[in-house]
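Here is how the chains run, residue by residue.
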Amino acid sequence: MSTIDNSRRNFIKTAGTLAIGTTLPISLVELAFAESSQNFTFAYISDAHIQHIKDNRFVRNWDRGLIRAVAETNLLTPKPDFVMFGGDLAQLGSKPELDHGAEILSALHGNVHYVMGEHDYYLDLGEYWEKLFGPQYYSFDHKGVHFVVLNSIKTYDDWTFKRWPTAEQRMLEMAGLDNPNGSPFMVGEEQRVWLKDDLDKIDKDTPVVVFSHSPLQKIYKGWNFWTEDADQVQALLQPFSKVSVIYGHVHQIQYNQIGNISFNSVMATAWPWPYPQAYAQAEQYLPKLTVPMNRADPFFDRDATGWQFINMANGNLDLNYTLYNNTSRIVRYNTDKKRPEDVAYQDEKARIVPQTHY
Amino acid sequence: MRYALLPVLVLATLFAQKQADTKPLAEPAAVNPQSVPDKNNLLGLPPLPIPANNPQTPDKIALGDKLFHDKRFSVDGTVSCSKCHDDKQAFTDGLPVSVGHHGLTGTRNAPTVLNAAFNQSQFWDGREPDLEGQAKQPLINPVEHGLADHKQVLEIIRTDPDYLATFQSVFDVSAKKLTIDHVAKAIASFERTLVAGNSPFDRYYFNGKTDAMTDAQIRGFELFVGQGRCVSCHTIEQDHALFTDNRFHNIGVGINQIQQDIPRLTQAFLEAKNKGGQVDTMVLTDKKASELGRFAVTDELSQIGAFKTPTLRNVELTAPYMHDGSLKTLKEVMVHYNNGGVNKADERVNDFLSGGIRPLNLTDPQLNDLVAFMKALTSAWSGSRYANPIPTQAAN
């Protein structure tokens, strides 16, 4: 009976809360803001890459990934205050893809905020996306935290408007990795001016959380793990005492700290990218890779994908990753070291041993 | 010099790959046909894991055998372990879900004890790690043996001088010091004798007997490791095959019928567990809670509706199938997988379906071949009293 007794004992520890396995350990909640009513969580689903085949057919694998993440998010206890979708809902930005994705997301309970991804954008420059989900960049306040959503996947006007004979080709060129015809992502001047304005009204002690699709830091240009004007955006954020940036796009877990800014990535529901370390060039600064992503098992379509819920505690973020066929991971802000850390894998000895089977 | 060698190595590798590519996957492993005698009942099985704290002894095995078949360990004197794990039915009961005391039914299909000794966890949801842990639960489950607690088991033993003498000699334990763990160890030791290898498949694959399987079975085997993707979970290793990855997967059985209830069920289940509810009681007395599967044990959202991959050895003899016994024939099982985790092609796929399950596009004759291959996994089992001389299909 040992297994049963243990699980029951664990539950008694959290008596009073109905914690579903991957939800918050009660201690986290208690640690948060002095005013405990100000603690909250939100869920984050990203990079679904819904792909149209033809007629009413869509790629089943990407559909199932998003459907599963939505269903599981709906089971979270306590309920998240809102859900973020981190961009790349579509694969090639078409109406059928965005419609189909929006329909799957419509099953989510509660408020959803959306971030623009390049796969949503480069067909019609976000026109249809705006009709479905609203403005491409905006801010909102929630329980004392200022949230900003940026469209970080824009690029040089010359590339966007003058280079390509058709919108379809423009979309395809931007969808490729290591594509010499590609172009680096950027937030752009219009949004930077808006952001400065937006942030000017905010007290410097207010926690700020920025959602973007691309990393607002420079990791690897060839895959657009990159934002060309990241430094300028970071400069606008540095004056705040607690700033977090959450980005999608990279389909893997990354975290980093630059000055006051904590960076966290979120997982994709569609497929994993390997870490592009092998492609790194001398001038690039990779965030510390604490645990290598094992190669995804091609049999288990959901392997190395996932979604996350995020605990907002003391104005910092704890990201709780639900990873199918893999152990769940938590990247938590370490208040002593003042940077995000994977709670399990900081110690070199604690890292996952590389897979040797097969 | 190292670089000079490189092209040679690359060529050699390419050549090796080419060779490997041309060899059909389903061909028997290269084993000297003379090296393993056909009489080896363990052919195709890995070494039997035996816990250090529970070594096998003939007396202990005999004691376990007696306990396993003793109906007195139940509230109405009708339920022994062998009621649902019947020696004459390949240690299952042939029912969709098992029947306990006073005709009460549970929610799950009795898995065979044959080769259970190799399982890395026990029960359909893996809630016990070993046979010893498993043996203790049904005794006090309200719809199985129905005893109030393990003390009642010990009280029954204490009324039987034969048992007391045997426990004394096997475990060197007095009536007073006797615990349920001694009982469980004896039962587990007996169960560890119920192992069965040397099926037509084993002789074909591990012993190089190309005539051990029929043509349909060979075609089925090719599908099993190929287009059917079965082998990804029902694993075959180089020198043995247990046909299970010992993991838990949502394959769309049971869960499909309760999809609308999942938010309420998960919440209610955790609430009950939080108040001290026992997992085994909750999942065996409530059909809907049962369908939560591995989630009930781990509380992990990613395990909703997931059940353990069972071995396929002797699957021909253990109908009906799946954790809830909802599929009557092996053909129905193949159709379910071929549809990508639904019984009928137009049924709604459940949101929590495991990633490996997808439509397979197999034809009806292919499904029949897969069923034929399942029947190549039937074998006799050892254990003196229960040795079962099943006639093998392909004479050799």
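Keep in mind that this is a model prediction, so the values were computed, not measured. The residue numbers shown here count from 1 along each chain, following its written sequence. Each chain gets a letter, beginning with A, and each ligand a number, beginning with 1, in the order they are written. Per-residue local features of the predicted model are confined to residues with pLDDT of at least 70, and side-chain atom pairs are confined, for both listing and counting, to 80 or more; whole-chain, interface and lining totals are unaffected and use all residues.

Right, let's get into the overall build of chain B. Strands are runs of DSSP state E lasting at least 2 residues, helices are runs of H or I lasting at least 4, and numbering of each runs from the N terminus. Secondary structure summary: chain B contains 15 helices and two strands in total. Partly exposed residues are those falling between the two cut-offs: more than 12 but fewer than 20 other C-beta atoms within 10 Å of their own, whereas 20 or more means buried and 12 or fewer means exposed, with C-beta atoms placed from the backbone. For chain B, the proportion of its 396 residues judged to be buried stands at 48%. The contact criterion used here is simple: two residues whose C-beta atoms, placed from the backbone, lie within 7 Å are in contact. Put simply, 70% of the contacts in chain B that link residues at least 6 apart link residues at least 24 apart.

So, on to the domain arrangement of chain B. Residues and elements named next belong to chain B. Each domain's extent is set by a domain assignment, obtained either automatically or from a database. Its domain assignment divides chain B into domain 1 (1-48 + 198-254 + 305-396), domain 2 (58-191) and domain 3 (255-304). Contacts between the two partners involve 22 residues from domain 1 and, on the opposite side, 22 residues from domain 2. Partitioning the side of domain 1 that touches domain 2 into residue classes produces 11 nonpolar, seven polar and four charged. Asp, Glu, Lys and Arg are counted as charged, while Ala, Val, Leu, Ile, Met, Phe, Trp, Tyr, Cys and Pro are counted as nonpolar; the rest, among them Gly, fall into the polar class.

This paragraph deals with the sheet that holds strand 12 (residues 306-313) of chain A. Residues and elements named next belong to chain A. Pairing within the open sheet is mixed, and its seven strands lie in the order 5-4-1-12-13-14-15. Pairing within the sheet leaves two strands with one partner each, and these edge strands are strand 5 (112-114) and strand 15 (339-342). Taking the axes of each pair of neighbouring strands and ignoring which way they run, one obtains an average angle of 25° across the sheet. Direction of pairing for strand 1 (residues 40-45) relative to strand 4 (residues 82-85): parallel, over a ladder of four bridges. Its bridge partner lying in strand 4, Phe-42 is registered against Phe-82. Docked against the sheet, helix 3 (residues 60-73) engages strand 1, strand 4, strand 12 and strand 13 (316-323), running at close to 170° with respect to strand 1. Note: two strands are recorded as paired if DSSP finds a minimum of 2 bridges between them. Axes, fitted as lines to C-alpha atoms, cover a helix only where it is in contact. Angles between the N-to-C directions of the axes lie from 0 to 180 degrees.

Next up on the list: the pairing of strand 8 (residues 208-212) of chain A. All names here are of chain A. For strand 8, the buried fraction is high: five of the five residues fall into the buried class. Side chains Val-208, Val-210 and Ser-212 of strand 8 all project onto a buried face; the interleaved residues Val-209 and Phe-211 project onto the opposite face, where all are buried too. When strand 7 (residues 145-149) meets strand 8, the two strands line up parallel, connected through four bridges. Residue pairing in the sheet places Val-148 in a bridge with Val-210 of strand 8. Throughout, right-handed denotes a crossover for which the path from the first strand over the helix to the second runs clockwise when the strands point away from the viewer. Where the polypeptide runs from strand 8 across helix 10 (residues 230-237) and back to strand 9 (residues 243-247), its parallel neighbour, the crossover connection is right-handed.

The next thing to look at is the sheet that holds strand 10 (residues 255-258) of chain A. Residues and elements named next belong to chain A. Strand order across the open sheet formed by six strands is 6-7-8-9-11-10, with mixed pairing between neighbours. In the strand order of this sheet, the two ends are held by strand 6 (138-142) and strand 10, each with one partner. For this sheet the average axis-to-axis angle between neighbouring strands, irrespective of direction, equals 20°. When strand 10 meets strand 11 (residues 261-265), the two strands line up antiparallel, connected through four bridges. For Tyr-255, the partnering residue across the bridge sits in strand 11 and is Asn-264.

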